[in-house]
Amino acid sequence: MKFAVFVGRLAGVLLCVAIATAASARELRHPARAVPAFTVQVPDDWTYSVGTDNALVAVSQDRSTSIVLSFGADSGSLEDVTRVMFLAAGVATPADKTPASISGLAGFSFESTMKNGKGELLQLKLTIVRVGERRHGTATLLQYAGNSPEQRQFAESVMRSVQIIGAGR
């Protein structure tokens, strides 16, 4: 009997936590009015900005994780575009690619590592999809290599919320 009461209370607490977590999230849209556009659900305590390269950068409160969303024009394959981006950013060449999609738009994910300006090791996962004949969208997750399993799991849940609206298939 005591176990059933404990399980009932635990379920109630978990439900309250889930509701509080959902209530403390907000949706970012980038670009704000154009299409195609990215949307992502981030916690209220994350900060965000749009850089000079027109990429949306959302950063966790503890600054251990960031998500970068951007669109670009290209004339090559998604693999070639990724290779050029990684080379320009000093990112280690990824060992392989995995099939991926955002909002049903097909593409690939690439995982690699890089160092930030302070020399700290970051893990990177870039997902790139075709959003038009000569356009692509990228969603990149950057996090410290030493992030805890809980931080990694939470970062992945934010990445799973990334959507692209208004893009042809």
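Here, the structure is the one placed above.
Residues numbered from 1 in each chain as written. Predicted model: local features only at pLDDT ≥ 70, side-chain atom pairs only at ≥ 80, totals over all residues. Heavy atoms only, no water.

> Would you mind showing me how to read the side chain of Gln143 here?
Mapped onto the elements of the fold, Gln143 is located in strand E9 (residues 135–144). Its relative accessible area of 6% is what places Gln143 among the buried residues. If sequence neighbours within four positions are ignored, Gln143 has contacts with Ser64, Thr65, Leu121, Leu122, Gln123, Gln151, Arg152 and Ala155. (Helix = DSSP H or I, 4+ residues; strand = E, 2+ residues; numbered from the N terminus. Buried < 20%, exposed > 50% of the residue type's maximum accessible area, 1.4 Å probe, protein only. Contact = heavy atoms within 4.5 Å.)

> Would you mind showing me how to read the layout of surface pockets here?
The probe, sized like a water molecule, is rolled over the atoms to show the empty space still left. In this structure, the largest pocket spans a volume of roughly 770 Å³. Around the largest pocket, the lining is made up of 31 residues, and of these Ser66, Val68, Met114, Thr140 and Leu142 lie nearest the centre. Elements supplying a minimum of two residues to the lining of the largest pocket: strand E4 (56–59), strand E5 (65–73), helix H2 (78–89), strand E7 (105–115), strand E8 (121–132) and E9. A breakdown of the residues in the lining of the largest pocket according to their chemical character gives 15 nonpolar, 11 polar and 5 charged. (1 Å grid on protein atoms, 1.4 Å probe; cavity = no way out; pocket = protein on both sides within 12 Å on 5 of 7 lines; lining within 4 Å. Points joined across faces, edges and corners; volume = space filled by probe spheres on them. Nonpolar A, V, L, I, M, F, W, Y, C, P; charged D, E, K, R; others polar.)

> Explain the pairing of strand E3 (residues 47–50) here, please?
On a regular strand, each side chain points to the face opposite its neighbour's, so the side chains alternate between the two faces of the sheet. Where E3 meets E4, 4 bridges bridge the pair, whose relative direction is antiparallel. By the bridge assignment for E4, Thr47 is matched with Val59. The turn linking E3 back onto E4 is made up of 5 residues, and Asn54 within it adopts a positive phi angle of 65°. (Pairing = 2+ DSSP bridges.)

> I'm lost on the sheet that holds strand E6 (residues 97–102) in this one. Help?
The strands making up a sheet associate through backbone hydrogen bonding, with each pair oriented either parallel or antiparallel. As summarised here, the arrangement of the 7 strands in space is E3-E4-E5-E9-E8-E7-E6, forming an open sheet in which the pairing is antiparallel. The outermost strands of the open sheet, each flanked by one partner alone, are E3 and E6. Shown here is a sheet whose adjacent strand axes are inclined to one another by a mean of 25°, direction ignored. Taken together, the 9 bridges between E5 and E9 define a ladder with antiparallel strand orientation. Within E9, the position partnered with Ser70 by the bridge is Thr138. Along the sheet, H2 makes contact with E6, E7, E8 and E9, crossing E8 at roughly 145°. (Axes fitted to C-alpha atoms, helices over the stretch in contact; angles between N-to-C directions.)

So far we have only geometry, and geometry alone does not tell us how the molecule works.
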